[in-house]
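In case you want the letters, here they are:
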Amino acid sequence: MAAGPAPEARSLMDEQTFLDNFNNLKYPRKTYLCYKVERLVGENSIPVDEYKGFLRNESSPRRWERRHAEPIFLERMASWNLDTELRYRITVFISWSPCPECADELVKFLRENRHVKLRIFAARIYDWYQGYEAGLRALKAAGAEVAMMTFQEFEYCWKNFVDHQQDEDKPFPSWDNLVVRSEELSQRLAGILQNREE
DNA sequence: ATTTTCAAT
C-alpha cells in the first residue's frame with residue numbers, strides 16, 4: 001500500500017489520555033494543551049479549523065531537553081504566520097496552568113502580537129513554583145483571559161479534541177466532584193488575579 | 001479530610 005499522507009501530530013487524543021490528564025482532582029506529571037483559533041470579524045468569530053489540535057510537554061531525563069507545553073505551543077503558533085492585518089482569538093485548554101516562566105513567554109507573545117487575543121482555560125492551578133500567582137496576574141494584565149475549566153469546557157474538549165472511535169456521540173463521562181473542584185479552583189484563581197491569594 | 005505538581009531510576 002502506498003504511504004498515506006504523513007500523519008501530522010494527531011489532532012484528537014485518546015479518551016483515557018484526556019480523562020487522566022484533565023481530571024481536576026488528579027496531579028499527573030505531564031501537561032496537555034488543546035487549542036483552537038477563531039478569526040474575529042466585527043461581532044462574529046469564524047473558526048479556523050486547520051489550526052486546531054493538541055500537544056503535550058516533552059519530558060526527558062535530561063533537564064535541558066524538557067519543554068513545557070507552552071513554548072511548544074508558541075512555536076506552533078509562530079509557524080502559522082497569522083495575518084497581522086486580521087484579528088484572531090486563540091483559545092487554549094491546558095491541564096496545568098502556566099508556570100511563571102511560561103506565563104512570561106506568553107506575555108511577551110501577546111505584546112508582540114496585538115492582533116491576537118488569548119483565552120486560557122486551565123483544568124488545575126500549577127502552584128509548584130514560587131511566583132505562579134504573579135505569572136497568572138501578568139497574563140491577565142497583558143490582556144489574556146485566564147479562567148478555570150468548568151464542566152462546559154471539559155465537555156467542549158471531550159467533544160472537540162478527543163477521539164471517540166466509532167461512537168461519535170459518546171457523552172462526556174464527567175467524574176465525581178468535577179464541578180465542586182472547578183468552583184473551588186475558580187474561587188482561588190479569582191483571589192490570585194485580585195492579588196489576594198487565600 | 002488530605003494526599004500526587006510540565007518525572008525518571
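Residues numbered from 1 in each chain as written. Chains lettered and ligands numbered in written order. Predicted model: local features only at pLDDT ≥ 70, side-chain atom pairs only at ≥ 80, totals over all residues. Heavy atoms only, no water.

### So, the pairing of strand S6 (residues 145-148)
Inclusion rule: The classification of residues rests on relative accessible area computed with a 1.4 Å probe and restricted to protein chains. Under 20% of the type maximum is buried, over 50% is exposed, and intermediate values are partly exposed. Put simply, DSSP H or I for four residues or longer makes a helix, DSSP E for two residues or longer makes a strand, and each gets a number counted from the N terminus. When DSSP finds at least two bridges between two strands, those strands are taken to pair. Here a crossover is taken to be right-handed if, once the strands point away from the viewer, the path from the first strand over the helix to the second is traced clockwise.
In S6, alternate side chains face the same way, and those of Val146 and Met148 are buried while those of Glu145 and Ala147 on the opposite face are not. Sheet analysis places strand S5 (residues 116-124) next to S6, joined by four bridges and oriented parallel. Bridge assignment links Ile120 to a residue of S6, and that residue is Val146. Each parallel crossover has a hand, and the one from S5 via helix H4 (residues 132-141) to S6 is right-handed.

### Quick look at the environment of Phe151
Take Phe151: it is sitting in helix H5 (residues 151-161). The partly exposed category is assigned to Phe151, whose relative accessible area is 32%. When the C-alpha positions of Phe151 and Ile94 are compared, they lie 14 Å apart, and in sequence the two are 57 residues distant.

### Points about the pattern of salt bridges
What counts, and what does not: Just to be clear on terms, a salt bridge is a Lys or Arg side-chain nitrogen sitting within 4 Å of an Asp or Glu carboxyl oxygen.
Applying the stated criterion across every chain yields a total of six salt bridges. Across the pair Lys170 and Glu15 runs a salt bridge, and its minimum N-O distance is 3.1 Å. Of this pair, Lys170 sits in the loop between strand S7 (162-163) and helix H6 (178-193) while Glu15 sits in helix H1 (residues 15-22); the two residues are 155 residues apart in sequence, bridging distant segments of the chain. Among the ionic pairs, Glu38 bridges to Arg89, the shortest N-O distance being 3.1 Å. Pair noted here: Glu38 is in strand S2 (residues 32-41) and Arg89 is in strand S4 (residues 87-96), with a separation of 51 residues, a long-range link. Residue Glu38 is classed as buried on the basis of its relative accessible area, which comes to 8%. What makes Arg89 partly exposed here is its relative accessible area of 21%.

### Regarding H5
We count it as follows: Working definition: the arc comes from the directions between the helix axis and the C-beta atoms, pointing outward to the latter.
Those residues of H5 lying buried are Glu153, Phe154, Cys157, Trp158 and Phe161. Along the long axis of H5, the arc covered by the buried residues comes to 140°, so they all point the same way. For H5, the exposed residues lying more than 90 degrees away from the buried face are Gln152 and Lys159.

### Brief notes about the UniProt feature "domain: CMP/dCMP-type deaminase" (unreviewed entry) in chain A
Inclusion rule: UniProt positions are given in the numbering used here, feature names are shortened, and annotations may be inferred rather than shown by experiment.
In the numbering adopted here, UniProt assigns the feature "domain: CMP/dCMP-type deaminase" (unreviewed entry) to residues 27-139. With 29% helix and 37% strand, the stretch residues 27-139 has end C-alpha atoms that lie 23 Å from each other.

### A closer look at the sheet that holds S4
Selection rule: Convention adopted: a line fitted to C-alpha atoms gives each axis, helices being fitted over their contacting stretch, and angles between N-to-C directions are expressed from 0 to 180 degrees.
Strand order in this open sheet of five strands is S3-S2-S4-S5-S6, and the pairing throughout is mixed. Lying at the two open borders of the sheet, with one neighbouring strand each, are strand S3 (44-56) and S6. Neighbouring strand axes in the sheet, compared pairwise and without regard to direction, differ in orientation by 15° on average. Bridging between S4 and S5 involves eight bridges; their strand directions are parallel. Within the sheet, the bridge partner assigned to Phe93 lies in S5 and is Phe121.

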